[in-house]
Structure formats: structure tokens, C-alpha cells
Amino acid sequence: MQLKGDRRLEAFRRMLRIRRFEEEGRRLFNGGQIPGWFHTTVGQEGAIVGASLALRDDDAMTGTHRSHGHPIAKGAHLQALMAELMGKEGGVCKGRGGSMHFADSSVGIISESGIVGGGIPLATGCAFSAKVRGVDQVTLCFFGDGAVNQGTFHESLNMASLWRLPVIYLCENNGYAMTTSVATSHGQPDIALRAAGYGIPGEIVDGQDVSAVYQSAAYAVTRARAGQGPTLIVANTYRFDEHNIGLAVSGEPYRQVEEVEAHKRDRDPILLYRTVLLEEGVNEETLTTIEHEVAQAVTQAVQFALASPMPRPETLPDYMFVSTIAH
Amino acid sequence: MDVKDDTHRDAATPGPHIQMTYFEAIVQAQLEEMHRDERVVLMGEDVSVHGGGKLIECFGKNRVWNMPISEGSFTGVGIGAAINGLRPIVDISTASFIYLACDQIVNQASKLRYMTGGQIDIPIVFRCCMFSTGSEAAQHADRPYPLFMNVPGLKIVSPTSAADIKGLMKSAIRDGDPVLVFEDTRLWPLKGDVPTDPDHLIPIGKADVKREGEHVTVVAIAGAIRPTMEAANYLIEEGISVEVIDPRTLKPLDYEAIKMSIEKTGRLIIVENGHRICNVGSEIAAVMAEESFDLLKRPILRLSAPDIHVPFSPALEKDFFPTRDSIVGAIRRLL
């Protein structure tokens, strides 16, 4: 199960869509046009896109506070996402969610949890529903290395194993829970080993290699769809930006500038895959065309977002309830 | 969430009734709704202990799921399943265990519809059984509904009769949003006439006048209904007529029903078993002071558990919650 033909170009395209979206978002955030906190996915695109491409369109997904990449990887349109960042009426969550909560149900995302580890039970429940209803839908659950130390991770893996739920637990291990490293917070730093405690397969994959992540995820998806239960995949990746844009960490740096620069230089998932594609015989022109199209799509998204109105004050209570009182 | 309907007493429901206990009515409601809608599933620890045994027999293990002791996550499993096409009833069993599940109920269930701009619905019921007395000691005896009243996005019911729990449990299961059902287990053995109509629903957000009276309005919450009715019966011999209101739904509260009653009596007491600080009585008293001050002839009184944990020893527990005598005393103070 390898990325082949046009799917390779789609992997390149989606990683690039995330990167350019984030770069433009960062610029707008620094310019004061995006409120709140801004956590970019830059550097982690390979892990996110590789796993998402292994899904069918009707498969479900949950994500994290570092949420921008997940819907884009699953194929979402960029306009409503950019508008959401600005808190606009035309935002995918109507300006009620923002940067940390980019759930886009049109591509099967049921939630992006701002609470670390909060989405893991939801993904498990989403897969539980598929099992109860007898449908062959699979759920992909993203979380970070920090979430692995939450009780929800352990309780959920136990239940998913017990009931052989069709769920893939995909840990985006970027090495740091905000400023706390895996080395200083995990009694067992090999996160994949934790799967054995719940009787499920656990494996490590190079998260900067989109095709390796795809291969690993595709195998897990096949197992899940065949009723063979969950898999834990730990994609080792790296966050190129600070935890959130503008965060000033005082005192001793928690990671060295040289470490960050080395990753940007040698471990950029997009640059690495671009080289692979050229080596595999893809034309430079094909890649340039994709790069141009992506830049255009991001520009259009920004235009849409800027033109979208702010939500009107009288809409404050909208979306609280399906029905205020029972029918 | 104002309830505009000013009907505060249900018309006598036509059609056949059957005598059953409050507890049997809870099971019957779930049974009927599980027959009606195959998306309804039951999830909880030791589900057969809390009325699930009969349901397992009827529906099998794909509809009734025994949970491991993982409240912090199986609650979220229910929420995820609700988002993805099921209508789970999550049995938290002992209400004090709900603290373990607070992140999922508060940060996920109550917020996700709003935070996604209405992209998802979360039709889920959380059953919480309040075992307040009988020397359970403080970690099994809580009545945590006031905490959740301070959370937007949740509906909370706590009815007191067999017919009401059946009708409200069914409404909760059919509702499209998260609903918390707090059952005072001292009400479980109470018998009452319950309509057999499978579409007997009590609307969420509507109070009921359990006893009509002239001199004082007593709003009784959940298990407090029993000593309140005893107090009302006791005082009738002295010519004191007490109106007893059961809000049935704690959120959204039916303020109109309470206002209509104090328009008549001019006196208000709220009796509940929650602790005194920021409980449902605090909320009712605040709203009545804000909106109906001119109707009141006397100050509003609240009776509740003190701001002390539920003790283990029967000697200490005996008068911990409002009793018939403490309610009688409060009514006399107001007259």
C-alpha cells in the first residue's frame, strides 16, 4: 500500500496547502487581523497528510488545538477556514470556534479539541457508533505526545482494544508538549510501546516522510475496516514554529536554535517529498503548477475571509441548542 | 430559554394508566424508547444493577453496553457516538462519579454544538443517581446538579413522580441536545399512576403544581418533595394551605410557574437537598427578587443541606437534609 500516481501529487498539494495557509495566517495574525492564539502546523504536514490520505471521504476524524492542518489534509475548502480564523460569520464554525477548533464536518471532522486529550474518547465513540450500526466507517484520531499522558488516552485505548473498534490513534509526536519535552515528561519515552499494554499494535513512523506515514496508516485502516481493531501509530515529527505565534519563553531555551534550524533545513516534509517526486520522474513544471494553484487558492481564501462580515451581536445565542425545549 | 407556555398543571392525561414505582418507570421509559428508535443505546458500569438487566434481555448486547470503570472516557465515547448517529443513554450510576466525567460533559458535550457553529448535534442523556442518605458517606452522597446549572448548553431534569420521570426521561431521549437526568434514589420506591401511552411525554422546562394552596408557595426540588408534602399535610390541620411546586426541570427553570404561584401567596420557600451555596434555590430566589419583588409580602427563605459534607454516622446524618419539621418551622416563620 504505497502512494501511487496522482495520489502522490495530491499528497504534495495538500501539504503545500497547509504550509501556505499557515504562512498567510501567521502574517495576518502578526498584522492584527486574526484574534486569539495561533498555533501553526508548519513542519508537521507530512504526518497529517500521510495519515489523512489513507481515509475514505466518508471516514471520520478528530484533532487537536493545533487544528489548522487536519481539515485541509482531509480535503476541506480554505475559504471558510480562513474566515473562521478571523472570527467571521462566513467561518466554518460561524466564528464560534477559531484557531484551536477547526472542525469541518463537510470532510468528516467531528471535533478539534482545545483540551489536550479531550478528543480521544470522542474518536473512540465515533468508531463505537460505526461498530454498533454495522457500517465500515473508520475514525482517525490525531493527538500529540503530551496527550499520551492523559487518562483519556489510556482509558480509550483499553475500550477500543476490548471492543476491537475501527479507530486509528495517530500521535503527532513533535517532541514537546508546549515547552515540556518527552524526555522530561514520559516515564516510557517510546510512546508506541504503550500500545502493547492494551494488546494492540503500536508502531513508529517517520512523520517527515509523507509516503511512509501513508503506508503505515493505510495498513491500519485496512485492519480497522476488516474488524481487526485499533492501531497506535507514532509519527515522529517536528514543529518549526513556536508553540503559538508570539509566545515568549523566558529563561533557558527548551530547544536550541540549532535544533530548530537543522530540522527546517534537513527535515522539511515538503522539501523532502518534492525531491522524491522529481526523482520518481515527476516534471518540475507539474510541481510548479501545483505551487501556483495553491498560492492562488490561499489568496482567494484570504479575500473571502476579509470580505465576510463579522457575526451580528443578535446572533450570540445561535447554535446553542437544536431545540430549546423538547418537541 | 424562557418557557412561554403558562399552563402549569398538566391536564389529566386521558387513556389507560398503570401503577408502577418511580424506578420501574425509568426502566419502562428506556424500554419504550429503545423499541421506538434503534439508535438509542445504553452504556454504563454494571448496567444490570440500575435497571439495565431487563433491557439486555430485550435488546441484546449490541444495544446495552457494560462499561469498564473509565468515567472520564466512556462518557466521551457516548458523546462521540452521539455525534456520529447514535442516541446514547450514559448511566453514570452514582451521581458523585460524574466529577470524573466533567471534562467530557462540560468541555465537550455542552460546548461542541456551539463551537462548531451548529455543524454537529449531540443527542445524549446522562443518568445520575443521587444516593444521599443511608450512611453512604460524602464520596457517594452528592447531589451535583447545581454545578451543571452553571454550564450553558446543558438541560437538567430531576422529576419526583413515576409519571413525570417516565415522561421526562422519554423527552430527554428524544431531545436533540445533552440532557442530565438526576434521580433522587429515595424516590425510586414511590408508586404512582403512569400512562401506558408510549408517546406520553412531559416537556422539558415545564413545572407542575403538585398541591394547590393559598398561603405560601414551597418549591420542592427532587427528593425534598417528600418532607415538603408531609409538612403541607401536617399544616392543613392548622388551616395553613401550602402550594407545592415541583419544577421537574432544573434547567431551563419554569420561572413563570413560580411567579404565578407567588402572585397568589406572596410567600416563597425553596426546599432542596443540595448544599446551600449557589444551589437551585439561590437561583430561584435571585430571579424572583429581580423580577417579582413586588409580589412578595415576606422575604424568600431557602432550606437546604448545610455547607458541610454528608456525614457517615446516622446520628449526624439524621437531620442533615431538610425535614418535615424544619419545613413546617420555615412556613410558620413566613406567616
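Everything numeric here is computed off the predicted structure, so don't read it as measured data. (Residues numbered from 1 in each chain as written. Chains lettered and ligands numbered in written order. Predicted model: local features only at pLDDT ≥ 70, side-chain atom pairs only at ≥ 80, totals over all residues.)

The next subject is unusual backbone geometry. Looking along the chain, the bond that leaves Lys251(B) and enters Pro252(B) is cis, with omega of 0°. Secondary-structure assignment places Pro252(B) in the loop between strand 12 (249-251) and helix 9 (255-265). Unlike most non-glycine residues, Arg164(A) shows phi in positive territory, near 50°. Tracing the sequence through the fold places Arg164(A) in the loop between helix 6 (151-162) and strand 4 (167-173). A positive phi angle, close to 55°, is found at Ser135(B), a residue other than glycine. (Helix = DSSP H or I, 4+ residues; strand = E, 2+ residues; numbered from the N terminus.)

With that settled, consider helix 5 (residues 119-133) of chain A. All names here are of chain A. Between the first and last C-alpha of helix 5 there are 21 Å, a value that for 15 residues agrees with the 21 Å anticipated at 1.5 Å per step. The buried fraction of helix 5 amounts to 13 of the 15 residues, a majority that puts the element mostly inside the structure. Looking one or two residues beyond helix 5, the residue adopting positive phi is glycine 134, at roughly 70°. (Expected span 1.5 Å × (residues − 1). Buried ≥ 20, exposed ≤ 12 C-beta atoms within 10 Å, placed from the backbone.)

With that settled, the discussion passes to the interface of chain B and chain A. Taken together, the contact between chain B and chain A spans 44 residues of the former and 38 residues of the latter. Of all the secondary structure elements, the ones that give two or more residues to the side of chain B that touches chain A are helix 3 (71-83), helix 4 (102-109), helix 5 (112-115) and helix 7 (162-174) of chain B. Looking at the side of chain B that touches chain A, the element that brings in the most residues is helix 3 of chain B, giving ten residues. By residue class, the composition of the side of chain B that touches chain A is 18 nonpolar, 20 polar and six charged. (Contact = placed C-beta atoms within 7 Å. Nonpolar A, V, L, I, M, F, W, Y, C, P; charged D, E, K, R; others polar.)

To continue, consider the nonpolar core. Ranked by internal contacts, the top residues of the largest apolar core, which has 183 residues, are Ile168(A) and Leu170(A). Shared between two domains, this core holds at least three residues of each, these being domain 1 (17-195) and domain 2 (208-334) of chain B. Setting aside its immediate chain neighbours within four residues, Leu170(A) contacts Ala51(A), Leu140(A), Cys141(A), Phe142(A), Ala217(A), Ile233(A) and Ala235(A). (Core = buried A, V, L, I, M, F, W, Y, C linked by C-beta atoms within 7 Å. Domains from an automatic or database assignment.)

That's the geometry; what it means functionally is another story.
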